[in-house]
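Each chain, letter by letter, is given below.
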Amino acid sequence: MGPDTLDKVADATRSLAETGKKTLELVASCGRVIKGPVVELAGLLEDRLKFARWGLQLAFMEKANAIMKARGLDQPTRELPLNFVLPLLTTAAFEEDDDLQEVWARLLVNAGDKTTEMELRTAYVEILRGMSALDVKNLAGMAKVTLAMPHGKHCTLMTAGLPDSAEPYSNHFRGGRAIPPELGISLANLARLGCAMPGGGLDGSVLYDIMTVTDLGLALYKACS
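So, a few notes on the structure that sits alongside this text. Everything numeric in this text was worked out from a predicted model, so none of it was measured.

What follows is about the environment of alanine 92. With respect to the element layout, alanine 92 can be found in helix α3 (residues 82-92). With a relative accessible area of 0%, alanine 92 lands in the buried category. Along the chain, alanine 92 and glutamate 102 lie 10 residues apart, while their C-alpha atoms are 9.1 Å from each other. Those residues in contact with alanine 92 that sit more than four places away from it in its chain are Phe60, Gln101 and Trp104.

Written as structure tokens, this is what we have:
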């Protein structure tokens, strides 16, 4: 074992020791405000985390199995690469939002169903990890209208009515309408993730009340539907 290797091992050991120290300090801090032995408290926290994770994993797999059963499948028909399925399962197992967990389950089932001809892109997992439940609803609302239009992906939409509805762009609408901050943040995030493009004002401003769903956004919506 050379000097460089020994140095790396020493650095890793120091890092682990520091992590353990911080964990003990956190537990000790909790012990000052919660009655009971610190060791017992640490064990209780660990047990609760394990139970919560197990419960979420069970709920996720129940959703995935129910979706497969509805399609007449008792198991996946396509083998999934580890770089796709591992981050998907890891994230889905800790997702507490029921609607988002349903989306993750559909992504998993579609990926494992060869009849969907879905492209197994790790980007779908990475992008979905960066989305909230509202983001998913807004993307779905825009994608549904876009796919229903004859010109499909080139459809520009007015988004002020999201997440309930989106409308095809009207020539009488110039954009710049005030939208709720929560909606604006969600649409900005969808633009950041490459799922939609905002409109532009004549003064160079970004208009989130006018959006166009990208090819990537449509593909992600289909993969999770």
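Further remarks concern the pattern of salt bridges. Per the stated rule, a full pass over the model turns up five salt bridges. Residue aspartate 98 is joined to lysine 63 by a salt bridge in which the shortest nitrogen-to-oxygen separation is 2.7 Å. Placement of the pair is aspartate 98 in helix α4 (residues 98-111) and lysine 63 in helix α2 (residues 38-70), with a sequence separation of 35 residues. Owing to a relative accessible area of 49%, aspartate 98 belongs among the partly exposed residues under this scheme. Between glutamate 119 and arginine 121 there is a salt bridge, with its nearest N and O atoms 3.3 Å apart. For glutamate 119, a relative accessible area of 47% gives the class partly exposed. Here arginine 121 falls in the partly exposed class, since its relative accessible area comes to 40%.

Buried within helix α8 (residues 215-223) are the following residues: Gly217, Leu218, Leu220, Tyr221 and Ala223. The inward-facing, buried residues of α8 contact α4, α5 (122-129), α6 (133-148) and β4 (206-213).

Attention now moves to the environment of cysteine 155. In this structure, cysteine 155 sits in the loop between α6 and β1 (156-158). Taking relative accessible area as the criterion, cysteine 155 reaches 2% and is therefore assigned buried. Along the sequence, cysteine 155 and valine 145 sit 10 residues apart, while their C-alpha atoms lie 8.4 Å from each other. Every residue in contact with cysteine 155, bar those within four places of it in the chain, is listed here: Thr146, Met149, Met211 and Thr212.

Attention shifts here to the packing of α6 against helix α7 (residues 181-192). Working note: a packed helix pair is described by the angle between its axes plus the distance between those axes. It is at 9 Å that the axes of α6 and α7 come closest, and there the two elements cross at 75°. One way to sum up the angle between α6 and α7 is to call them roughly perpendicular. On the side of α6, the interface is formed by Leu134, Asp135, Asn138, Leu139 and Met142, while α7 contributes Glu182, Leu183, Ser186, Leu187, Asn189 and Leu190. Considered class by class, the residues forming the contact of α6 with α7 number six nonpolar, three polar and two charged.

The next subject is the sheet that holds β1. Pairing is antiparallel in the open sheet, where four strands are placed in the order β2-β1-β4-β3. Every interior strand has two partners, whereas the edge strands, β2 (167-168) and β3 (196-200), have only one. Judged from the five bridges that link them, β3 and β4 form a sheet pairing that is antiparallel. Note that in β4 the partner of alanine 196 across the bridge is valine 213. Of the strands in this sheet, β3 and β4 are in contact with α7, which crosses β4 at around 50°.

The rules we used
- Residues numbered from 1 in each chain as written.
- Predicted model: local features only at pLDDT ≥ 70, side-chain atom pairs only at ≥ 80, totals over all residues.
- Heavy atoms only, no water.
- Helix = DSSP H or I, 4+ residues; strand = E, 2+ residues; numbered from the N terminus.
- Buried < 20%, exposed > 50% of the residue type's maximum accessible area, 1.4 Å probe, protein only.
- Contact = heavy atoms within 4.5 Å.
- Salt bridge = Lys/Arg side-chain N within 4 Å of Asp/Glu carboxyl O.
- Axes fitted to C-alpha atoms, helices over the stretch in contact; angles between N-to-C directions.
- Parallel < 35°, antiparallel > 145°, perpendicular 65-115°, else oblique.
- Nonpolar A, V, L, I, M, F, W, Y, C, P; charged D, E, K, R; others polar.
- Pairing = 2+ DSSP bridges.

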